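Commentary on secondary and tertiary structure
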Amino acid sequence: MALRKAFLLICLVVSILCLTAGYGFAGQWIGVAIAIILGLVWLFARKYPVSSLPHLCLFASVGLAVAGQLTGTPSLLMICGSGFGLAVWDLILLEGALGANSSEGQVGRFADRHLQSLALALGAGLLVTFLGSFLNLQIPFLAMMLLVALVIFGFDRVWGTIKKRSTR
């Protein structure tokens, strides 16, 4: 339970820092103010996870990142801000679904697996984003589709290995 709350706060801080830094580097101070206010609204959404507030916060995070992209803020910061915002949304909904039953036996194992899969998805997505921003490759469409299939197969194998280790 403490790990889940710590991960949620880390993701929230990173999301808001990325959005704020992106708008700050571009000199768009209205965007900085909106990102800071959004962080406070995210904290308020933690108190009411079963309401529609987490969904609205996710919509606002992604919308703020898209608006930043359209106005010339750094791409990597906007993508990281929206990605970590998605992780915050997922963790708030998980916290709301589990409620007070978060550290007992099977529920605890479910929460741990959920955190593992979230960290794997977030890390892989950010890695692909960083690599894609630094590499400029011209790959034919068919080769790209084969690479995507290979990556999906690899993630399936990694997930299967994680599941095997957690059931022992």
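Small disclaimer: the values here were computed from a predicted structure and weren't measured.

A separate point is the pattern of salt bridges. Applying the stated criterion to the full structure yields one salt bridge. Between Arg157 and Asp156 there is a salt bridge; the shortest N-O distance is 3.2 Å. Given a relative accessible area of 48%, Arg157 falls into the partly exposed group.

Attention shifts here to the packing of helix H4 (residues 75–98) against helix H5 (residues 105–134). One way to put it is that H4 packs onto H5 with a least axis distance of 11 Å and a crossing angle of 170°. By the angle between their directions, the pair H4 and H5 is classed as roughly antiparallel. Note on element contacts: H5 touches H4 through Val107, Phe110, Ala111, His114, Leu115, Leu118, Leu122, Leu126, Thr129, Phe130, Ser133 and Phe134, opposite Leu76, Ile79, Cys80, Gly83, Phe84, Ala87, Asp90, Leu91, Leu94 and Leu98. Per-class residue counts for the contact of H4 with H5 are 17 nonpolar, four polar and one charged.

The end-to-end C-alpha distance of helix H2 (residues 29–47), which contains 19 residues, comes to 28 Å, matching closely the 27 Å that a straight helix rising 1.5 Å per residue would cover. Looking at H2, one finds that the buried residues are Gly31, Val32, Ala35, Leu38, Gly39, Trp42 and Ala45. When H2 is viewed along its axis, its buried side chains cluster within an angular range of 130° and face the same direction. Exposed and facing more than 90 degrees away from the buried side of H2 are Trp29, Ile30, Ile37, Leu40 and Lys47. Summarising the contacts, the buried residues of H2 are in contact with helix H1 (2–25), helix H3 (53–71) and H4.

Attention now moves to the environment of Gly24. Residue placement: Gly24 occurs in helix H1. Discounting residues that sit within four places of it in the chain, Gly24 has contacts with Trp29 and Val32.

Rules and cut-offs
- Residues numbered from 1 in each chain as written.
- Predicted model: local features only at pLDDT ≥ 70, side-chain atom pairs only at ≥ 80, totals over all residues.
- Heavy atoms only, no water.
- Salt bridge = Lys/Arg side-chain N within 4 Å of Asp/Glu carboxyl O.
- Buried < 20%, exposed > 50% of the residue type's maximum accessible area, 1.4 Å probe, protein only.
- Axes fitted to C-alpha atoms, helices over the stretch in contact; angles between N-to-C directions.
- Helix = DSSP H or I, 4+ residues; strand = E, 2+ residues; numbered from the N terminus.
- Parallel < 35°, antiparallel > 145°, perpendicular 65-115°, else oblique.
- Contact = heavy atoms within 4.5 Å.
- Nonpolar A, V, L, I, M, F, W, Y, C, P; charged D, E, K, R; others polar.
- Expected span 1.5 Å × (residues − 1).
- Arc of directions from axis to C-beta.

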